[in-house]
Amino acid sequence: MRVGFGYDVHPFAEGRALWLGGIQIPHARGLKGHSDADVLIHALCDALLGAANLRDIGYHFPDTDDAYKNIDSKILLARTMDLLRTKNYQTGNADITICAEAPKLNPHIPQMQTCLAAIMQIPPDDISIKATTSEKMGFIGREEGIAVFATVLIERI
Ligand code: MG
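Throughout what follows, the structure given in this document is the object of discussion. Here the structure is a predicted model, which means the values were calculated and not measured.

A closer look at the layout of surface pockets
Okay, so step 1: Considering only enclosed or pocket space, the largest pocket measures out at about 260 Å³ in volume.
Okay, so step 2: For the largest pocket, the lining is made up of 15 residues, of which Ser35, His42, Ile57, Phe61 and Asp63 are closest to its centre.
Okay, so step 3: Among the elements of the structure, β1 (2-13), α1 (39-51) and α2 (57-60) are those that each provide at least two residues to the lining of the largest pocket.
Okay, so step 4: Looking at the lining of the largest pocket, the element that brings in the most residues is β1, giving three residues.
Okay, so step 5: The class makeup of the residues in the lining of the largest pocket is six nonpolar, six polar and three charged.

What follows is the structure, given as structure tokens:
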């Protein structure tokens, strides 16, 4: 068994849809990024790649490559799972923390779990997603962006 950790942050921007954990969440602003800016999936991919010692998301899917412009991050997660399979790893479980002042995310967590579990081919119960605020402090507290921390366990098949 091996452990991996991932972190990502994206700023809010006007005129963007908010994608988080593979689903679209109603909010006045979305996150800015080269892809759909799904900060949760990006942190999760980095945790998975880190656990398998496969570098990081920017190494495999560079934000300078037009192939990844506005790409659905669920595709990046599926490709990350393919990379892990090439090294004979499967996912044990994931534990993810979203740091966001707004919107309220708890009502959306079951749908995120279902969505990610289908891509990762594991039961939704193996994906824990928690939401917290930054108690109005710092860039998260000022609603300038969202940060996500992810930890995963992987096992050799
Ligand atoms: Mg990112």
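Notes on the coordination of the magnesium ion
Okay, so step 1: With distances of 2.1 to 2.3 Å, the protein atoms coordinating the magnesium ion are Asp8 (OD), His10 (NE2) and His42 (ND1).
Okay, so step 2: Ordering the donors of the magnesium ion by residue number gives the pattern D-x1-H-x31-H.
Okay, so step 3: Looking at His10, the relative accessible area reads 13%, which means it is buried.

Overview of a nonpolar patch on the surface
Okay, so step 1: Where nonpolar side chains cluster on the molecular surface, the patch consists of Phe5, Tyr7, Val9, Phe139 and Phe149 and spans about 440 Å² of accessible area.
Okay, so step 2: Broken down by element, the residue count for the nonpolar patch peaks at three residues, all from β1.
Okay, so step 3: Of note, Tyr7 is situated in strand β1.
Okay, so step 4: Classification of Tyr7 as partly exposed rests on a relative accessible area of 37%.

Some details on the nonpolar core
Okay, so step 1: The biggest cluster of nonpolar side chains holds 48 residues, and the ones touching the most others in it are Ile98 and Ile146.
Okay, so step 2: Elements supplying a minimum of two residues to this core: β2 (18-20), β3 (23-25), α1, α3 (73-86), β5 (89-99), α4 (109-120), β6 (127-132) and β7 (145-156).
Okay, so step 3: The element contributing the most residues to this core is α1, with ten residues.

A word on the packing of aromatic side chains
Note on aromatic pairs: each is described by the distance of the centres and the angle between the planes.
Okay, so step 1: In the structure shown here, the tally under the stated rule is three aromatic pairs.
Okay, so step 2: For the pair Tyr7 and Phe149, a centre-to-centre distance of 5.1 Å together with 40° between the ring planes defines the contact as tilted. With a gap of 142 residues between them, Tyr7 in strand β1 and Phe149 in strand β7 connect regions that are remote in the sequence.
Okay, so step 3: By the ring-pair criterion, three or more aromatic residues cluster together here, those being Phe5, Tyr7 and Phe149.

Describing the pairing of β6
Okay, so step 1: Relative to β6, β5 is paired through six bridges, and the arrangement is parallel. Pairing of Cys99 across the sheet is with Thr132, part of β6.
Okay, so step 2: You can see the chain leave β5, run along α4 and come back into β6, and the turn it takes is right-handed.

Reading guide: rules and limits
- Residues numbered from 1 in each chain as written.
- Predicted model: local features only at pLDDT ≥ 70, side-chain atom pairs only at ≥ 80, totals over all residues.
- Heavy atoms only, no water.
- 1 Å grid on protein atoms, 1.4 Å probe; cavity = no way out; pocket = protein on both sides within 12 Å on 5 of 7 lines; lining within 4 Å.
- Points joined across faces, edges and corners; volume = space filled by probe spheres on them.
- Helix = DSSP H or I, 4+ residues; strand = E, 2+ residues; numbered from the N terminus.
- Nonpolar A, V, L, I, M, F, W, Y, C, P; charged D, E, K, R; others polar.
- Donors = N, O, S within 2.8 Å, 3.2 Å for Na, K, Ca; no water.
- Buried < 20%, exposed > 50% of the residue type's maximum accessible area, 1.4 Å probe, protein only.
- Patch = residues over 30% accessible without salt bridge, like charges linked within 9 Å, V, L, I, M, F, W, Y side chains within 5 Å.
- Areas by Shrake-Rupley, 256 points an atom, 1.4 Å probe, with all protein chains shown as cover.
- Salt bridge = Lys/Arg side-chain N within 4 Å of Asp/Glu carboxyl O.
- Core = buried A, V, L, I, M, F, W, Y, C linked by side-chain atoms within 4.5 Å.
- Phe/Tyr/Trp six-rings, centres within 6.5 Å; stacked < 30°, edge-to-face > 60°.
- Pairing = 2+ DSSP bridges.
- Right-handed = clockwise from strand over helix to strand, strands pointing away.

The analysis is restricted to geometry; functional conclusions fall outside its scope.
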